[in-house]
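Okay, here's what each chain looks like letter by letter:
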Amino acid sequence: MDRYGMRTAGAGGILAVVVLACAVLLATCDKSTTEPEAPQPAAVEATQGANATVAVTGDVSLAARVKDANGGGVSGVVVHWSIVSGGGSLASDSSTTDGTGTARVVWTVGMTAGAGEARASVAGVSSSASFPVTLTPGPATAVTLSADTARFTALADTATYTAAAEDAYGNDASGAVAWAVDDDGVATVSDGLVTAVGPGETVVTATGGAAADTLVVVVVQEPVGVEVSPAADTVALGNTRAFSAAAADANGHAIAGATFTWASSDTMVAVVDAAGVATGRTAGTAFIAAATGTVRDSAALVVRQVAVTVVVTPTDAVLTAAGDTVRAQAAGTDLHGDPVAGGVTWTSRDPAVATVTGGLVQAVADGTTRIVATMDAVADSVAVSVRTSAGASRTWTGDGGGDWVAPLSWTPAGRPNARDTASVPTGMATMPALNVDAAVGRVEVAGGATLGLGAHVLEVSRDALADGAITATTGWLAVSGTGWIRGVLPVLEVTGTVEVAGPTTLKGLRAVGGTLRTQGTRVTVQN
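Note that this is a predicted model, so its numbers are computed, not measured.

Reading the values: rules and limits
Residues numbered from 1 in each chain as written. Predicted model: local features only at pLDDT ≥ 70, side-chain atom pairs only at ≥ 80, totals over all residues. Heavy atoms only, no water. Helix = DSSP H or I, 4+ residues; strand = E, 2+ residues; numbered from the N terminus. Rg over C-alpha atoms; globule rule 2.2 N^0.38 Å. Buried < 20%, exposed > 50% of the residue type's maximum accessible area, 1.4 Å probe, protein only. Contact = heavy atoms within 4.5 Å. Areas by Shrake-Rupley, 256 points an atom, 1.4 Å probe, with all protein chains shown as cover. Lys, Arg positive; Asp, Glu negative; His and termini not counted. Charge placed at Lys NZ, Arg CZ, Asp CG, Glu CD. Patch = residues over 30% accessible without salt bridge, like charges linked within 9 Å, V, L, I, M, F, W, Y side chains within 5 Å. Salt bridge = Lys/Arg side-chain N within 4 Å of Asp/Glu carboxyl O. Pairing = 2+ DSSP bridges. Axes fitted to C-alpha atoms, helices over the stretch in contact; angles between N-to-C directions. Core = buried A, V, L, I, M, F, W, Y, C linked by side-chain atoms within 4.5 Å.

**Student:** Help me out: how do you make sense of the overall build of the protein chain in this one?
**Tutor:** Tallying secondary structure elements over the protein chain gives one helix and 49 strands in all. Compactness check: the protein chain gives a C-alpha radius of gyration of 63 Å against a globular reference of 24 Å for 527 residues, more than 25% above the reference. For the protein chain, the spread of C-alpha atoms along the principal axes amounts to about 230 × 50 × 45 Å. Every one of the 527 residues in the protein chain was classed for burial, and the buried ones make up 37%. Long-range contacts, defined as pairs at least 24 residues apart, comprise 44% of the intrachain contacts of the protein chain with a sequence gap of at least 6. Carbon and sulfur atoms make up 54% of the accessible area of the protein chain, which totals about 25,900 Å². Taking the average place of the 26 positive charges on the side chains of the protein chain and the average place of its 46 negative ones, the gap between the two points comes to 13 Å.

Below, the structure is given as structure tokens:
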């Protein structure tokens, strides 16, 4: 022990202390060379939420990864979060990286649509991570159209309308507006472009979210042109012509159901009723007009005089030599009985018997035919007989008495034979009568004159024309050749070819071995 009462170590004890101290020092030196240093943050990168699109006031999840110099994640690092633009709030101003070096936060963006940005930073790291986002408007809560009503006056007309839409925070939400129309038979709509399709009224609706606004569309075609059909026409006096009219709008589309007011420029020439039917009154030209609204059109109507009757004179003719001629004339009258000049067409039903040019009839060969004069839709004719082998023409005088066979009762004197033409004129004091059967080529009894057959037969080889009358008790008239009949006749026997030349009355018909052609002429048989 020393002088202070403390135990002192011997040489052995000092050595032990020294050895222990060296051991401790060596242990410390070995530890400092075997344990590595902790990784240090070198960079921050955005791994989630960058370039996101989010509706205003919506949430976006952000994630940032902290890396060391070798690109590995650094855990336990505090990441600081901040909002650069876009407003709103962060769930936390900072968060700590996990085992992968990732830190997370939720950003509730602001109320204004547009661009936004958040950042993540780490103390001691010069760079930061950027999170740009796009803020879109929320659902529209109000829609306002640029007009309340629209009026179109022509089909295919168009007009463009706009819809202003806002969300609950006043952001423009027009891009989310949907367009619709109630009746696409009246109008169609595409992105605000309204097109008129048909007459009527419909509603166009612009809808955004739960909000909507409407546009009342009215399509009423207004006429800008009228067309009357036909553009020109001709009508016979007293007849009618129907006109029609069509109206069109500014784009040329027909206006269905358009009503017109009809008028004539000259009611003395033609009148027109409310349906567009015009009636010709006198010859001339009138313009038939149709009007609707302030527009009109007209058509020229020519009223011409038209024959409704035509009479040809003479009613019959006999030519006795080839080349002989006779002039036929036609007189036409219109609806009012006024003469119709010109417009006559002449034809021969058998040009081999006789031809006609301008009413001049010329004999060709033996036979019978009709020369027809046509004016407009009516016609009349003259019966023509060509008899180059005919005998004499004898006219009754009655100077030798009433006996048909008395030579002095004829001029020239002589009894008519089977080839002669026998004519009984009007006004004779004594009219002829048969006391025996007789034969003649042609017999003519004028109006007011008579020929009595009694109980005898008169055979005619050609024509029997009785504008007066041929009578009989029990006798009859026999036509044996080719000829004509007309007028009041007794019982008729036909063994040849007979054509009716005009209205005819018969007391009866015997057995007919030949041909009787009425040609549409009225024949009355009195039994």
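**Student:** Any chance you could explain a nonpolar patch on the surface here in plain terms?
**Tutor:** A grouping of Leu509, Val512 and Val525 is seen on the molecular surface, where their side chains present a nonpolar patch of about 210 Å² in accessible area. Topologically, Leu509 is positioned in the loop between β47 (497-506) and β48 (515-517). For Leu509, a relative accessible area of 41% corresponds to the partly exposed category.

**Student:** What is the right way to look at the sheet that holds strand β36 (residues 367-375) in this model?
**Tutor:** Note: strands within a sheet are paired through backbone hydrogen bonds, in either parallel or antiparallel orientation. Strand order in the open sheet made by the four strands is β29-β37-β36-β33, with mixed pairing throughout. Two strands in the sheet have a free side with no partner beyond their single neighbour: β29 (316-319) and β33 (344-348). Going across the sheet, the axis of each strand differs from the next one's by a mean of 25 degrees, ignoring polarity. In this sheet, strand β37 (residues 378-386) lies alongside β29 in parallel orientation, the contact comprising four bridges. Each bridged residue has a counterpart across the sheet, and for Ala317 the counterpart in β37 is Val384.

**Student:** Help me understand the pattern of salt bridges, please; the structure alone is not making it clear to me.
**Tutor:** Pairing between side chains of opposite charge can happen when their charged atoms approach one another. This structure, assessed with the given rule, holds 14 salt bridges. Between Arg486 and Asp316 there is a salt bridge, with its nearest N and O atoms 2.8 Å apart. Of this pair, Arg486 sits in strand β45 (residues 482-489) while Asp316 sits in strand β29, and the two are 170 residues apart along the sequence. For the residue pair Arg486 and Asp316, the accessibility class agrees, reading buried in each case. Put simply, Asp316, Arg442, Glu444, Asp463, Asp467 and Arg486 are held in one network by salt bridges that share partners.

**Student:** I would appreciate a short explanation of the nonpolar core in the present structure.
**Tutor:** The nonpolar side chains of a soluble globular protein tend to be buried, and buried together. Judged by nonpolar contacts, the single largest core of 28 residues is most densely connected at Trp404, Val443, Leu451 and Leu458. Only β40 (421-424), β41 (438-445), β43 (457-471), β44 (476-479), β45, β46 (492-494) and β47 provide two or more residues apiece to this core. Top element by residues in this core is β43. It accounts for five residues. Setting aside anything within four residues of it in sequence, one finds Trp404 in contact with Trp396, Trp410, Pro416, Ala422, Pro432, Ala433, Leu434, Ala438, Val443, Leu451 and Leu458.

**Student:** What am I meant to see in the sheet that holds strand β25 (residues 277-280) here?
**Tutor:** One open sheet accounts for three strands, arranged β21-β25-β24; its pairing is antiparallel. A single partner strand is all that each edge strand has here, and the edge strands are β21 (240-242) and β24 (270-272). The average angle at which neighbouring strand axes cross in this sheet is 20 degrees, direction not considered. Relative to β25, β21 runs antiparallel, the two being bridged by three bridges. Counterpart to Thr240 in the pairing with β25 is Thr279.

**Student:** Would you take a moment to explain the environment of Ser85 for this structure?
**Tutor:** In this fold, Ser85 is placed in strand β4 (residues 78-85). Overall, Ser85 belongs to the partly exposed group, its relative accessible area being 30%. Here the alpha-carbon distance between Ser85 and Ala115, two residues 30 residues apart in the chain, equals 7.4 Å. Beyond its immediate stretch of four places on either side in the chain, Ser85 contacts Trp107, Ala115, Gly116 and Glu117.

**Student:** Where do I start with unusual backbone geometry in this structure?
**Tutor:** Peptide bonds are, in most cases, trans, and in most cases residues other than glycine have a negative phi. Following Ser229, the chain continues to Pro230 via a peptide bond in cis, the omega torsion being -5 degrees. With respect to the element layout, Pro230 can be found in the loop between β19 (225-229) and β20 (232-236). In the segment running from Thr411 into Pro412, the intervening peptide bond is cis, with an omega of -10 degrees. Take Pro412: it is sitting in the loop between β39 (410-411) and β40. Even without being a glycine, Asp376 presents a positive backbone phi close to 55 degrees.

**Student:** Sorry if this is basic, but what is going on with the environment of Val220 here?
**Tutor:** By the element assignment, Val220 lies in the loop between β18 (211-219) and β19. In this structure the C-alpha to C-alpha distance between Val220 and Val197, which are 23 residues apart in sequence, comes to 11 Å. With residues near it in sequence (within four places) discarded, Val220 still touches Arg151, Phe152 and Thr153.

**Student:** Explain the pairing of β43 to me, please; I cannot follow it from the model alone.
**Tutor:** Along any regular strand, the residues point their side chains to alternate faces of the sheet. Among the 15 residues in β43, 11 count as buried, and that is most of the element. Where strand β42 (residues 450-452) lies against β43, three bridges are found, and the strand directions are parallel. Counted as the bridge partner of Thr450 is Ala469 from β43. Both β43 and β44 contribute to a ladder of four bridges, which runs parallel. Counted as the bridge partner of Val460 is Val479 from β44.

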